[in-house]
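# Architecture at a glance
So the chains spell out like this:
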Amino acid sequence: MGGYLTNHQKSRCTACETCAAVCPVSAIGFAEDDEGFRYPTVDEGACVHCGTCVRACPMEKGVPKNAGAPLVFGGYNRDDEVRDKSTSGGVFAALAEVWCDEDCAIFGAEAKGLEIRHSCITDKRELGKFQKSKYSQSTGGKQAFQKAKEHLLAGKRVLYSGTPCQIAGLMKYIGTDCPTEKLLTVEVVCEGFPSPILMRKYVEELEEKRGSKVTALDYRYKDKDKWDFQVMKIDFADGRSKKVDRWFSPFWIFWLKGLMSRPSCADCEFRTPDRTADITLGDLWGVQKYCPELYGENKGCSLVVASSPKGKKVLQETKKYLFGHDLRYEDALRYQSPMRSSAPANPKRDEFMEDLKKLSYSELCKKWRPRYSLKLLISKYVWGSNRQIVFLWKIKRKIFGNLGRAHLN
Ligand SMILES: Cc1cc2nc3c(=O)[nH]c(=O)nc-3n(C[C@H](O)[C@H](O)[C@H](O)COP(=O)(O)OP(=O)(O)OC[C@H]3O[C@@H](n4cnc5c(N)ncnc54)[C@H](O)[C@@H]3O)c2cc1C
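This paragraph deals with the side chain of Gln 288. Counting through the fold element by element, Gln 288 comes out in helix 11 (residues 287-290). Ignoring any residue separated from it by four or fewer positions in sequence, one finds Gln 288 in contact with Asn 386, Ile 389 and Val 390.

Take a look at the structure:
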């Protein structure tokens, strides 16, 4: 199908930045379009038309995926503090503990206000910068890829985390002339990237209303053990904060309806059971249905899929830091649509995006947010009843024994 550099179709660019990283004359930059998504721009004066960028683009020919049965695990970090500071079960931190020695480089997405950037740390104590999902696409891929390769060539261990398309870009950038035994790639299960314009407008309006600057945004605040409520927390400079749960949050409503995703996310080549990275991390959605013993009081639980031999070995070693057990991939996939197939954009996406460009945040919500209805409340409390489902399961277990479920590690 070709990539954006050859056909200029926006659905054929993930903004991984591999093209910019490989360009021998630094002729490629990235700029936002009017929907807030970044695409390559070529400086025609500098370009030598060597075609390196096209050959390196993961969307041109694709990237090999790990085939064969993966090792699948469900569970969470034994350290409650780590788990609390993480989005799901805190498995990313446990992997870093196992993979990284004193002389390693860890790459991940760091929040600087509302802007998200891929950066590098060489001290594990700074890992907190990367913990927590930031639902906005990171910049800085070019520099991160270049640095990662430098570290590998220098013989250092590297842990590179990102979305599947970013890992595919890294693998294309690294190519075959660089040793990869010391590279561990960790990707997140990815729903896609929303337009950053919505959050910018929201924050602008909040700051105006409150007369105080927003200092931090936590998309997945656990709010005293509400992992599956997905509470967003916004902190202000005056010390106050605001919390919104996902059932009432326009951000989650618009995004999960496919109204404002990046075009390439609607036709994503990485939403398949075969994965690109050594290890894939996600939320253990459906935990209350097929493995309630892992719900763990709703403090967060992870799905871990190790697809390569290296990933499987590292996961086996990491288990000592985790509470949980192996799962069947078929069960996990049932609740993970981003690991099964692509999710086409909402037919109303273009209309929504036009409004997103021109309306204020309040005007947009007035027009597009569904009315708070009884149906919404029922949805929220049926979803919110995970805790009750698990509670009933515990009572049954007390009465009837372990119900044939696997024992915890
Ligand atoms: C954009 C996005 C969409 C996601 N969609 C889903 C989904 O549909 N279903 C699901 O089960 N899980 C999804 N996840 C993954 C999930 O939210 C957790 O990140 C994952 O379970 C790891 O949790 P943890 O507790 O082990 O790690 P945490 O400590 O929370 O680690 C977070 C990891 O995510 C990486 N990360 C954070 N933000 C970004 C970003 N903007 N770009 C690239 N990497 C980032 C960090 O580098 C780090 O490696 C998504 C994550 C992101 C970033």
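Next comes the rest of the account.
Enumeration according to the criterion identifies 17 aromatic pairs in this entry. Ring centres of Tyr 290 and Tyr 335 lie 5.5 Å apart, and the angle between their planes is 5°; this geometry places the pair in the stacked category. One end of the pair, Tyr 290, is in helix 11; the other, Tyr 335, is in the loop between helix 13 (329-334) and helix 14 (349-358), and 45 residues separate them in sequence. What makes Tyr 335 partly exposed here is its relative accessible area of 25%.

Before going further, it helps to examine the nonpolar core. Within the largest apolar cluster, 32 residues are counted, with the highest numbers of intra-cluster contacts made by Leu 198, Phe 251, Phe 254, Met 260, Phe 352 and Leu 364. Listed by contribution, the elements that provide at least two residues to this core are helix 9 (196-210), strand 8 (214-221), strand 9 (231-236), helix 10 (250-256), helix 14 and helix 15 (361-368). Looking at which element gives the most residues to this core, the answer is helix 9, with six residues. Counting contributing residues per domain, this core is built from domain 1 (4-61) and domain 2 (63-409), each supplying no fewer than three. Ignoring anything within four residues of it in the chain, the contact list for Leu 198 reads Phe 251, Phe 254, Met 260, Leu 356, Tyr 361 and Leu 364. Formed by 26 residues, the second largest nonpolar core is a distinct cluster that contains Phe 73, Val 91, Ala 94 and Leu 322.

The strand order across the open sheet formed by three strands is 8-9-10, and the pairing between neighbours is antiparallel. Two strands close off the open sheet at either side, each with one partner strand: strand 8 and strand 10 (241-245). Each strand axis lies, on average, 15° off the axis of its neighbour in the sheet, ignoring direction. Sheet topology places strand 8 next to strand 9; five bridges connect them, and they run antiparallel. Across the sheet, the residue bridging to Leu 217 is Ile 234, located in strand 9.

Below, the discussion takes up the site of the ligand. Taken together, 35 residues form the shell around the ligand, and within it Thr 87, Ser 88, Ser 133, Lys 134 and Gln 336 come nearest. Side-chain polar atom of Ser 88 to an oxygen atom of the ligand: 2.6 Å apart, as the coordinates give it. Here an oxygen atom of the ligand and a side-chain polar atom of Ser 161 are 2.9 Å apart. Look at the ligand: alone it shows 900 Å² of surface, and the protein chains cover 98% of it. The set of elements that each furnish at least two residues to the shell around the ligand consists of helix 6 (91-99), strand 4 (104-112), strand 6 (157-162) and strand 11 (279-283). It is strand 11 that provides the largest number of residues to the shell around the ligand, a total of three residues. Of the residues in the shell around the ligand, the class split is twelve nonpolar, 18 polar and five charged.

In this section: the side chain of Ser 88. Structurally, the position occupied by Ser 88 is in the loop between helix 5 (80-84) and helix 6. A polar contact of 2.8 Å, which involves the side chain of Ser 88, links it to the side chain of Asp 283. Residues within four places of Ser 88 in sequence aside, it is in contact with Arg 83, Lys 222, Trp 227, Gly 282, Asp 283, Lys 299, Gly 300, Cys 301 and Ser 302.

Applying the stated criterion across every chain yields a total of 33 salt bridges. For Arg 12, the salt bridge is made with Glu 269, and the minimal N-O distance between the two is 3.0 Å. Here Arg 12, found in the loop between helix 1 (4-7) and helix 2 (18-22), pairs with Glu 269, found in the loop between helix 10 and strand 11; they are 257 residues apart in sequence, far enough to count as distant. For Arg 12, a relative accessible area of 2% corresponds to the buried category. The exposure class assigned to Glu 269 is partly exposed, which follows from its relative accessible area of 30%. Glu 330 serves as the salt-bridge partner of Arg 328, at 3.5 Å between the closest nitrogen and oxygen.

Spanning 15 residues, helix 9 covers 21 Å between terminal C-alpha atoms, matching the ideal 21 Å at 1.5 Å per step. Here helix 9 starts with a cap whose side-chain oxygen sits 3.2 Å from the backbone nitrogen of Ile 197, and that cap is Ser 195.

For the pair helix 14 and helix 15, the least separation of the axes is 9 Å and the interaxial angle reads 155°. With respect to helix 15, the element helix 14 is oriented roughly antiparallel. Across the interface between the two elements, Glu 351, Phe 352, Asp 355 and Leu 356 from helix 14 touch Leu 364, Lys 367 and Trp 368 from helix 15. Across the contact of helix 14 with helix 15, the residue classes tally to four nonpolar, no polar and three charged.

Attention shifts here to a nonpolar patch on the surface. Among the surface-exposed residues, Leu 374, Leu 377, Ile 378, Tyr 381 and Val 382 lie close enough to one another that they form a single nonpolar patch of about 520 Å² accessible area. Looking at the element boundaries, Leu 377 is found in helix 16 (residues 374-383).

The rules behind each value
Residues numbered from 1 in each chain as written. Predicted model: local features only at pLDDT ≥ 70, side-chain atom pairs only at ≥ 80, totals over all residues. Heavy atoms only, no water. Helix = DSSP H or I, 4+ residues; strand = E, 2+ residues; numbered from the N terminus. Contact = heavy atoms within 4.5 Å. Phe/Tyr/Trp six-rings, centres within 6.5 Å; stacked < 30°, edge-to-face > 60°. Buried < 20%, exposed > 50% of the residue type's maximum accessible area, 1.4 Å probe, protein only. Core = buried A, V, L, I, M, F, W, Y, C linked by side-chain atoms within 4.5 Å. Domains from an automatic or database assignment. Pairing = 2+ DSSP bridges. Axes fitted to C-alpha atoms, helices over the stretch in contact; angles between N-to-C directions. Near = heavy atom within 4 Å. Polar contact = N/O pair within 3.5 Å; in protein donor to acceptor, adjacent residues only side chain to side chain. Areas by Shrake-Rupley, 256 points an atom, 1.4 Å probe, with all protein chains shown as cover. Nonpolar A, V, L, I, M, F, W, Y, C, P; charged D, E, K, R; others polar. Salt bridge = Lys/Arg side-chain N within 4 Å of Asp/Glu carboxyl O. Expected span 1.5 Å × (residues − 1). Parallel < 35°, antiparallel > 145°, perpendicular 65-115°, else oblique. Patch = residues over 30% accessible without salt bridge, like charges linked within 9 Å, V, L, I, M, F, W, Y side chains within 5 Å.

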